[in-house]
Amino acid sequence: MGITKREVADYYRAVADRVLADVGGRPLSLLRCPGGVGGQCFFQKHHARALGGAVRAIPLREKDGDEACYVAIDSVEGLLELVQMNTLELHPWGSMADDLERPDRLVFDLDPGPGVDWKAITAAARDVRKRLAAVGLEGFARLSGGKGVHVVVPIRPGPSWDEARGFCEALANTMAQQRPDRYVATASKAKRDGVIFIDWLRNARGQTSVSSWSLRARESAGVAVPVRWEELARAGSGDAYDLRRALRRATALRGEEWPGWGDACDQALPDVPDV
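Residues numbered from 1 in each chain as written. Predicted model: local features only at pLDDT ≥ 70, side-chain atom pairs only at ≥ 80, totals over all residues. Heavy atoms only, no water.

In this section: the sheet that holds strand E11 (residues 226-227). A sheet is described by the order of its strands in space; here 6 strands give the open sequence E9-E10-E6-E8-E7-E11, paired in mixed fashion. Of all strands in the sheet, those with a lone pairing partner are strand E9 (183-184) and E11, marking the two edges. Where strand E7 (residues 140-143) and strand E8 (residues 149-154) come together, 4 bridges link them in antiparallel fashion. For phenylalanine 140, the partnering residue across the bridge sits in E8 and is valine 152. Set on the sheet, helix H5 (residues 161-178) makes contact with strand E6 (105-112), E9 and strand E10 (196-199); between it and E6 the angle comes to about 30°. (Pairing = 2+ DSSP bridges. Helix = DSSP H or I, 4+ residues; strand = E, 2+ residues; numbered from the N terminus. Contact = heavy atoms within 4.5 Å. Axes fitted to C-alpha atoms, helices over the stretch in contact; angles between N-to-C directions.)

Below, the structure is given as structure tokens:
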């Protein structure tokens, strides 16, 4: 990865306001890498005292009915305590901790299979955006920090998880049915060559997606960076921004990284789309 733990801490301190705007008050899954990227990494979603005093415990009921405490932060101190415990990636829920059962964010993760070039990935992201617009929703582009692109959709809290998941599944399936030469909506590795997996599965209770401005635990040292639609094609790849370039971008930005995001947070989820 070529960066030190000190650089990671300095980076997260510098972008803390933007990270917290995306993850603050949400249950989190953490990717922790005690030995660095070259070592063994693991996901953690349950709270532990060792994470630090500014890291909150969020009690919630899991799928099996058991109660557990999840992780949440809402301060720079909490973020840096997670970094001190070797957290590299932050993966928030699509709902707030104080309103767990009402999602307020959808994410379509466009994951390219072998042989898919950047032009096709950006075309797919614009296709998702166009289909969302047809049902009255605005989507926003984020480089994944890996190979692909995320289309992030804020919504007004109100729909259930089943409704949110059903909407995303329907949109992904429609795209795959209409253009099977370009898209698949199932996670099967056997069907991935030359096509893009429209991953809608993250839009369910307990599922997460990497946050904006999160580092990625990959050799390319990519960062999940929000971009404007007019910037997407010239980004060149989903991991176009490493830590240092992402820091320069965050420092230079003024105002919303996604113009229009604030207004879009009040958009209502429509019925299951036929788009």
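Attention now goes to the nonpolar core. Tyr12 and Phe108 are the most contacted members of the largest nonpolar core, which has 70 residues in total. With 7 residues, H5 is the single largest residue contributor to this core. With residues near it in sequence (within four places) discarded, tyrosine 12 still touches Val19, Leu79, Leu80, Val83, Thr87, Leu88, Leu90, Trp213, Ser214 and Leu215. Grouped together as the second largest cluster of nonpolar side chains are 9 residues, Ile58, Ala68, Ala72 and Ala97 included. (Core = buried A, V, L, I, M, F, W, Y, C linked by side-chain atoms within 4.5 Å. Buried < 20%, exposed > 50% of the residue type's maximum accessible area, 1.4 Å probe, protein only.)

A word on the environment of proline 27. Tracing the backbone shows proline 27 in the loop between helix H2 (16-23) and strand E1 (28-32). We classify proline 27 as buried; its relative accessible area is 0%. In sequence terms proline 27 and glycine 94 are 67 residues apart; their C-alpha atoms lie 8.8 Å from each other. When residues no more than four places from it in sequence are discounted, the contact partners of proline 27 are Tyr70, Val71, His91, Pro92, Trp93, Ser95, Met96, Ala97 and Leu100.

This part takes up the packing of aromatic side chains. With the rule as written, the count across this model stands at 6 aromatic pairs. When the ring of tryptophan 93 is compared with that of tryptophan 161, the centres are 6.4 Å apart and the planes differ by 80°; the resulting orientation is edge-to-face. Taken together, the residues tryptophan 93 in the loop between strand E5 (87-92) and E6 and tryptophan 161 in helix H5 connect sequence positions 68 residues apart. Of the residues examined, tryptophan 93 reaches a relative accessible area of 2% and is grouped as buried. Exposure remark for tryptophan 161: the relative accessible area of 8% places this residue in the buried category. (Phe/Tyr/Trp six-rings, centres within 6.5 Å; stacked < 30°, edge-to-face > 60°.)

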